[in-house]
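Each chain is listed here by its residues.
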Amino acid sequence: MNPFEILDPRFEACIKPSAQLEQLHTGCRWTEGPAYFPAHRSLVFSDIPNNRILRYFEPTGDVAVFREPSNNANGHTVDPQGRLVSCEHGTRRVTRTEHDGTITVLADNYEGKRLNSPNDVVVRSDGAVYFTDPSYGIESDYEGNKGESEFPGGACYVFRVDPVTGALQIVSDEFDRPNGLAFSLDERTLYVADSGAPRDMSALDVADDGTLTNKRHFATCTNGVFDGFRLDDAGRIWTSAADGVHCYDPDGTLLGKVKVPETVANVAWGWPKRNRLYMCATTSLYAILLAVNGAKTM
Ligand code: MG
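Residues numbered from 1 in each chain as written. Predicted model: local features only at pLDDT ≥ 70, side-chain atom pairs only at ≥ 80, totals over all residues. Heavy atoms only, no water.

## A look at the packing of aromatic side chains
Evaluation of the coordinates by the stated rule reveals 14 aromatic pairs. Residues F151 and F159 carry aromatic rings whose centres are separated by 6.1 Å and whose planes lie at 45 degrees to one another, so their mutual orientation is tilted. The burial state of F151 is the same as that of F159; both residues are buried. Ring geometry for Y157 and F159: centres 5.8 Å apart, planes at 80 degrees, overall edge-to-face. Taking the relative accessible area as the measure of exposure, F159 reaches 0% and is therefore buried. The aromatic ring of W271 is capped on one face by R41, whose charged end is 5.4 Å from the ring centroid. Taking NZ or CZ as reference, K215 lies 4.5 Å from the ring centre of F175, over its face. (Phe/Tyr/Trp six-rings, centres within 6.5 Å; stacked < 30°, edge-to-face > 60°. Buried < 20%, exposed > 50% of the residue type's maximum accessible area, 1.4 Å probe, protein only. Lys NZ or Arg CZ within 6 Å of the ring centre and 35° of its normal.)

## Observations regarding the sheet that holds strand β27 (residues 284–289)
The 4 strands are arranged β2-β27-β26-β25 in an open sheet whose pairing can be described as antiparallel. Single-partner strands in this sheet number two, and they are β2 (22–25) and β25 (266–270). For this sheet the average axis-to-axis angle between neighbouring strands, irrespective of direction, equals 30 degrees. Strand direction decides the pairing type here: β2 and β27, joined by 3 bridges, are antiparallel. Pairing of Q23 across the sheet is with Y286, part of β27. (Pairing = 2+ DSSP bridges. Helix = DSSP H or I, 4+ residues; strand = E, 2+ residues; numbered from the N terminus. Axes fitted to C-alpha atoms, helices over the stretch in contact; angles between N-to-C directions.)

## Brief notes about unusual backbone geometry
In this chain, E68 is followed by P69 through a cis amide linkage whose omega measures 0 degrees. If you trace the backbone, P69 turns up in the loop between β6 (62–67) and β7 (73–78). Here the residue pair A197 and P198 is connected by a cis peptide bond, since its omega of -5 degrees sits within 30 degrees of zero. The backbone of N71 sits at a positive phi, close to 55 degrees, despite the residue not being glycine. Note that N71 resides in the loop between β6 and β7. Using a relative accessible area of 26% as the deciding quantity, one classes N71 as partly exposed.

## Observations concerning the sheet that holds β6
A sheet is described by the order of its strands in space; here 4 strands give the open sequence β3-β4-β5-β6, paired in antiparallel fashion. Strands with a single pairing partner mark the edges of an open sheet, and in this sheet they are β3 (31–37) and β6. For this sheet the average axis-to-axis angle between neighbouring strands, irrespective of direction, equals 25 degrees. Summarising the sheet, strand β4 (residues 42–47) and strand β5 (residues 52–57) pair through 6 bridges and their orientation is antiparallel. Each bridged residue has a counterpart across the sheet, and for L43 the counterpart in β5 is Y56.

Spelled out as structure tokens, the structure:
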């Protein structure tokens, strides 16, 4: 079965028509948060309602539990020092797993108010941690712990943790349910998905002091919602959607799709040359080998 849908001729150079979609693992409830460790050739990913983090080992294809309970961890990333950074719904915090295995809390409150339920996270090369904080993890006990938002009107912000002081600041209050996020290749633009209303993706300028300005519409999802996404090394955006992964040119054109039989929540690049796209899709982990390479982020 051809897993590709070409919507713009530019997509043809991104794929090999003979490439097949691979289902690497299944039996989860809601997979999210893929993050790849090149040195270990392993991918960690969340199974949020099952309260665990799994790890896929590339050389053998084995999948095993990495952390359980995971505090209903959702999004993850690997920082420039190779450390795992995690969003935890259940404990309403963002943590870093140090090389010695200890856990450092990077953020759990803003001016004394508990966070909602951090969803997805990215680290800039200067060490600043940007994360989104929608309320999905406190709306029920399904993927966290039912609770109240402590922000005015249940606001859901985009936050930044300062790399020097560790101080937490709100860098955007312009989203309904901010979700996935990723930097452009030059890190001067931050793309942020909104899975609330409107269900779209925006681009914002990153100022010298790390704050975000000039929010502007980038794309509207044509099937389902944008959740997590990553860029390739030409700046194209590979984003989750209901029918698979949608690939956008930096000019905003939907170039094509990788069709996946389950709703995709997030993606990550792996394989020694970063040309394999891992896709967390509801009950399963999928992968496909592409003719492009993921952006180098660490
Ligand atoms: Mg998400």
